[in-house]
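A closer look at the structure
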Amino acid sequence: MKKSTLINKFESKLDAALEALYDARDVVDETGEIDTEELNTTIESIEEQIADASESVRELIDSIVE
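Read on for an overview of the structure. (Residues numbered from 1 in each chain as written. Predicted model: local features only at pLDDT ≥ 70, side-chain atom pairs only at ≥ 80, totals over all residues. Heavy atoms only, no water.)

Some words on the packing of helix H1 (residues 3–30) against helix H2 (residues 37–64)
We count it as follows: Comment: axis = line fitted to C-alpha atoms, over the contacting stretch for helices; angle = value between 0 and 180 degrees taken between N-to-C directions. By definition, any uninterrupted DSSP run of H or I lasting at least four residues is a helix, any uninterrupted run of E lasting at least two residues is a strand, and each is numbered from the N terminus. Angle categories: roughly parallel below 35 degrees, roughly antiparallel above 145, roughly perpendicular from 65 to 115, and oblique for all the rest. Between two residues, a contact is recorded if the distance between any of their heavy atoms is within 4.5 Å. Each residue gets one label: Ala, Val, Leu, Ile, Met, Phe, Trp, Tyr, Cys and Pro are nonpolar, Asp, Glu, Lys and Arg are charged, and the others, such as Gly, are polar.
Packing of H1 against H2 leaves a shortest axis separation of 11 Å and a crossing angle of 170 degrees. If you check the angle between H1 and H2, you find them roughly antiparallel. Note on element contacts: H2 touches H1 through Leu39, Asn40, Ile43, Ile46, Glu47, Ile50, Ser54, Val57, Arg58, Ile61 and Asp62, opposite Lys3, Leu6, Ile7, Phe10, Glu11, Leu14, Leu18, Leu21, Tyr22, Arg25 and Val28. When grouped by side-chain class, the residues that make up the contact of H1 with H2 number 14 nonpolar, two polar and six charged.

Observations concerning the pattern of salt bridges
Note the cut-off: Put simply, a salt bridge is a Lys or Arg side-chain nitrogen that is within 4 Å of an Asp or Glu carboxyl oxygen. Accessible area is worked out with a 1.4 Å probe on protein chains only. A residue is then buried under 20% of its type maximum, exposed over 50%, and partly exposed in between.
Summed over all chains, the structure comprises four salt bridges. The partner of glutamate 11 in a salt bridge is arginine 58, with the nearest N and O atoms 2.4 Å apart. Linking glutamate 11 in helix H1 with arginine 58 in helix H2, this pair joins segments that are 47 residues apart in sequence. In this structure, aspartate 26 and arginine 25 form a salt bridge, with 3.4 Å as the shortest nitrogen-oxygen distance. For aspartate 26, a relative accessible area of 30% corresponds to the partly exposed category. Residue classification places arginine 25 among the partly exposed residues on the basis of a relative accessible area of 24%. Here the residues in one salt-bridge network are Glu11, Glu55 and Arg58, joined through shared partners.

So this is what it looks like as structure tokens:
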């Protein structure tokens with residue numbers, strides 16, 4: 001598999017995971033009964049962690065796949 005194909009597939013799965021996270025947040029938000037400020041802060045933290053980890057994985061793919 002080509003490196004670019006592998007990276008695109010990887011990023012597609014990450015996008016799907018983030019979308020699921022946003023959907024979960026929206027379910028909580030739609031109740032209208034729960035303050036979502038802390039939830040939003042947590043989600044932002046998860047987003048940053050995913051971005052950092054995905055960069056590490058891209059670098060690993062770069063070093064392994066030619």
